[in-house]
Amino acid sequence: MRLKIRTPHVIHQTIDDEVIIINLESGNYYSLLNVAADIWSTIVAGHDIDSISRWLRVSYDGDPSKIESELRSFADALRGEGLVVSNDVAAPADVPEIDGARKGEFVPPTIERFDDMQDLILLDPVHEIDEAEGWPHQK
Amino acid sequence: MFDPLVSVVLPVRNGSRFLTDAIESVLAQTYPHIELIVVDGDSSDGSDEIAQSYEDVIYVRQSLPPDEDGWRGLPDAWNLGITRARGPLIAFLSADDRWLSKKIATQVALLDRDDACYSTTMFRFFLEPGYAVPPSFRAELFGQDLVGRIPETLLARRRAFDEVGLFDTRYSAAQDVDWFLRSQEMGLPASLVSQVLVEKRVHDSNLASNAVINSPALLEVLGRSIKRRRDVASSSGTQSEHLG
């Protein structure tokens, strides 16, 4: 099974090893660190859950069945937050190889959720800035 | 009753189409003690003439050209207005939006009652006659009373800017979101007026491309806020919820 990011309702960016995600439909925003950020980037790259699971079990120290179940619950949580959906399309041929570097002890991935800016995010109140056209925008 | 001076900062850059409406809505305020500062971002469409045709408008022209490296026109204009403001209370209006006449009077009274550092109000969107709803705009927002932590609803004590700082011109957009986040992180007491006192005009289709353009800045603003909160989280507790 593969997942895909729920664009265009979800936007995301990795800043200094931290993944920041905004769900533009709910107004919630999220931070992913460490294992969670690693998994997110492999989902973005197009890897399926099975290959992500294999990679985690190879790269991290820990009980393989626990790693597997933590990955599944993490994926369920991402789905529950409306950040990803199942992707039935076959994996593209050019899915990049997962970095095989050793990562150390497996710490279960978590999603940090913030709901304190829903009013601002839901309204798209961000100012329209286009110096060429002026404030506000004009056609 | 003592009415402290309220300085209103109204930035405009080639916004002549609705500028008169915006200015008139400030001049029509029932609150008696207001100065209106129009900060002109080098307009070439007659916005300057409109602003200067009002005797009571303080007209300020930005001196930096818009193509200067790192120059962020709108937050720069807000900041310039703040530095020019003489009042202990500062408010903001966009050149395409308008206030209801009791906006400032209502907020000044509640700011004192609540002993808050700043206040925001509810607002409504309205569609400019003759325009279609932009495709990306959530049509269900029309007719709703919306909570508005946006500059157009903001009335802040000057000390709010002393404590939080000015709008951060490092960001290409979402500088207002950043300011509200920083004020929230610092625990500045705020009050929300539960009345619609601002009307925001929807008048073209730029919201669509705008949302895409603004996304990286918004992500960066939120990311930096999370980092700041994480830095102090050990002592004060986080505002987030861990899942999974």
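Our structure's up above, just so we're on the same page.
Residues numbered from 1 in each chain as written. Chains lettered and ligands numbered in written order. Predicted model: local features only at pLDDT ≥ 70, side-chain atom pairs only at ≥ 80, totals over all residues. Heavy atoms only, no water.

A. Focus on the pairing of strand S6 (residues 118-127) of chain B. All names here are of chain B. Taking burial as the measure, the 10 residues of S6 include 8 buried ones, the bulk of the element. In terms of strand pairing, S6 meets strand S8 (residues 155-157) through 2 bridges, oriented antiparallel. Following the sheet pairing, Tyr118 is matched in S8 by Ala156. Bridge count between S6 and strand S9 (residues 190-202): 10 bridges; the pairing is parallel. The residue bridging Phe125 from the neighbouring strand is Lys200, located in S9. The pairing of S6 with strand S7 (residues 146-148) spans 3 bridges and is classified as antiparallel. Residue Phe123 lies in a different strand from S7, and its bridge partner there is Leu146. (Buried < 20%, exposed > 50% of the residue type's maximum accessible area, 1.4 Å probe, protein only. Helix = DSSP H or I, 4+ residues; strand = E, 2+ residues; numbered from the N terminus. Pairing = 2+ DSSP bridges.)

B. Representation of the pattern of salt bridges. Within the structure shown, the criterion is met by 31 salt bridges over all chains. Residues Arg230 of chain B and Glu112 of chain A are paired through a salt bridge, measuring 2.9 Å at the closest nitrogen-oxygen approach. Separated into two different chains, Arg230 of chain B in helix H7 (residues 206-236) and Glu112 of chain A in strand S8 (residues 111-114) make up a pair that spans both. The salt bridge involving Asp112 of chain B is made with Arg157 of chain B; its shortest N-O contact spans 3.5 Å. (Salt bridge = Lys/Arg side-chain N within 4 Å of Asp/Glu carboxyl O.)

C. Layout of the packing of aromatic side chains. Residue and element names in this part refer to chain B. Here the structure, examined in full by the defined rule, presents 13 aromatic pairs over all chains. Consider the rings of Trp78 and Phe167, whose centres lie 4.6 Å apart with planes at 45°: the pair is tilted. Of this pair, Trp78 sits in helix H3 (residues 73-84) while Phe167 sits in the loop between helix H5 (158-164) and helix H6 (175-185); the two residues are 89 residues apart in sequence, bridging distant segments of the chain. In this structure Trp78 comes out as buried when scored by relative accessible area, which is 2%. Measuring from centroid to centroid gives 5.9 Å for Phe92 and Phe161, while their planes differ by 70°, and the two rings are edge-to-face. (Phe/Tyr/Trp six-rings, centres within 6.5 Å; stacked < 30°, edge-to-face > 60°.)

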